[in-house]
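# An overview of the molecular structure
Take a look at the letters that make up each chain.
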Amino acid sequence: MAAPPPSDGPRINEFISAREVLVIDDDGDKKGILPIQQALAMAEEAGLDLVEVSPQADPPVCKLMDFGKYKYQAQKKANEARKKQKTIEVKEIKMRPNIDIHDYEVKMRSMLRFFEEGDKVKVTLRFRGREMAHQELGMQLLDKVQKEVDAIAKVEQYPKLEGRQMIMVMTPR
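Predicted, not measured: the structure shown is a model, and the values here were computed from it.

## Points about the pairing of strand 5 (residues 90–95)
Pairing analysis gives six bridges linking strand 5 to strand 6 (residues 120–126), with the strands arranged parallel. In the sheet register, Val90 faces strand 6, and the bridge partner there is Lys120. A crossover links strand 5 with its parallel partner strand 6, the connecting element being helix 3 (residues 101–116), and its sense is right-handed.

## Structural notes on the sheet that holds strand 7 (residues 153–162)
The strand order across the open sheet built from four strands is 5-6-8-7, with neighbouring strands paired in mixed fashion. The sheet terminates laterally at strand 5 and strand 7, the two strands that pair on one side only. Strand-to-strand twist across the sheet, computed as the mean angle between neighbouring axes with direction ignored, equals 20°. Sheet topology places strand 6 next to strand 8 (residues 165–172); six bridges connect them, and they run antiparallel. Bridging across to strand 8, Lys122 finds its partner in Val169. Against the sheet, helix 3 touches strand 5, strand 6, strand 7 and strand 8, its axis set at about 170° to strand 5. Running at roughly 10° to strand 8, helix 4 (residues 135–148) makes contact with strand 5, strand 6, strand 7 and strand 8 of the sheet.

## Some points on the packing of aromatic side chains
A full pass over the atoms with the stated rule returns one aromatic pair. Residue placement shows Lys144 over the ring face of Tyr104; its charged tip is 4.4 Å from the ring centre.

## Describing the pairing of strand 2 (residues 30–35)
Note that strand 1 (residues 20–24) and strand 2 share five bridges and pair antiparallel. The residue of strand 2 that forms the bridge with Leu22 is Ile33. Taking the residues between adjacent antiparallel strands as the criterion, strand 1 and strand 2 are bridged by five residues, where Gly28 takes a positive phi near 95°.

## Details of the sheet that holds strand 2
An order of 2-1-4-3 is seen for the four strands of this open sheet, with the pairing classed as mixed. What marks the edges here is a single partner per strand, and that holds for strand 2 and strand 3 (49–54). Here the average twist between neighbouring strands, direction ignored, is 35°. With five bridges joining them, strand 3 and strand 4 (residues 61–65) adopt antiparallel strand pairing. Among the inter-strand pairings, Val51 is bridged to a residue of strand 4, identified as Lys63. The strands that helix 1 (residues 36–46) touches are strand 1, strand 2, strand 3 and strand 4; relative to strand 2, the one it contacts most, it runs at about 130°.

Thresholds, definitions, all that
- The residue numbering used here restarts from 1 in each chain and proceeds along that chain's sequence as written.
- Only residues with pLDDT of at least 70 get local features here, since the model is predicted, and only at 80 or more are side-chain atom pairs given and counted; chain-wide, interface and lining totals rely on the full set of residues.
- No hydrogens and no water enter the side-chain calculation; it runs on all heavy atoms of the structure.
- The rule for pairing is simple: two strands pair if DSSP sees at least two bridges between them.
- In DSSP terms, a helix is any run of H or I states spanning at least four residues, a strand is any run of E spanning at least two, and both are numbered starting from the N terminus.
- Whether a crossover is right-handed comes down to one check: with the strands pointing away from the viewer, does the path from the first strand over the helix to the second run clockwise; if it does, it is right-handed.
- A fitted line through C-alpha atoms serves as each axis, taken over the contacting stretch for helices, and the angle formed by two N-to-C directions is quoted from 0 to 180°.
- We call two residues contacting when some pair of their heavy atoms lies within 4.5 Å.
- When two rings of Phe, Tyr or Trp (its six-membered ring) have centres within 6.5 Å they constitute a pair, described as stacked for plane angles under 30 degrees, edge-to-face for angles over 60, and tilted for the intermediate range.
- Criterion for a charge above a ring: Lys NZ or Arg CZ within 6 Å of the ring centre, and within 35 degrees of the ring normal.

See the structure below:
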């Protein structure tokens, strides 16, 4: 019983539907346009698979190669690419409108470190009680933050009030 045709990736060996194919051997040399039966015989003789690398071409281009090794190399390359990519995280800095100078400096140092690591920063300003009546103080504080990090970060979401919180999102430049 024959194996089902591979649904993902290129067609190989007897699953190639073309009558004639342009054959390239395992060294990369063109062997010319050959009938599919002759190409399959060449592949079997060499102990390799006939892999359809360009099905849209006229005639389709097939290459003699070890398909298992080819799939392994492709999987290894995909895993390498996945390792190298960095996920961008959103870090949150919480403040109050009447934050003390030293506390503010500590929060700013953390924010600068997050930007250096390539992360986004969500600045959350929480209002409590009567502070809601003085939202302009919160806006001034967020403007101060924005001006301080203007050289290394840009505002992605400008400050907006959501309930008792004012939120601003910044990304590294």
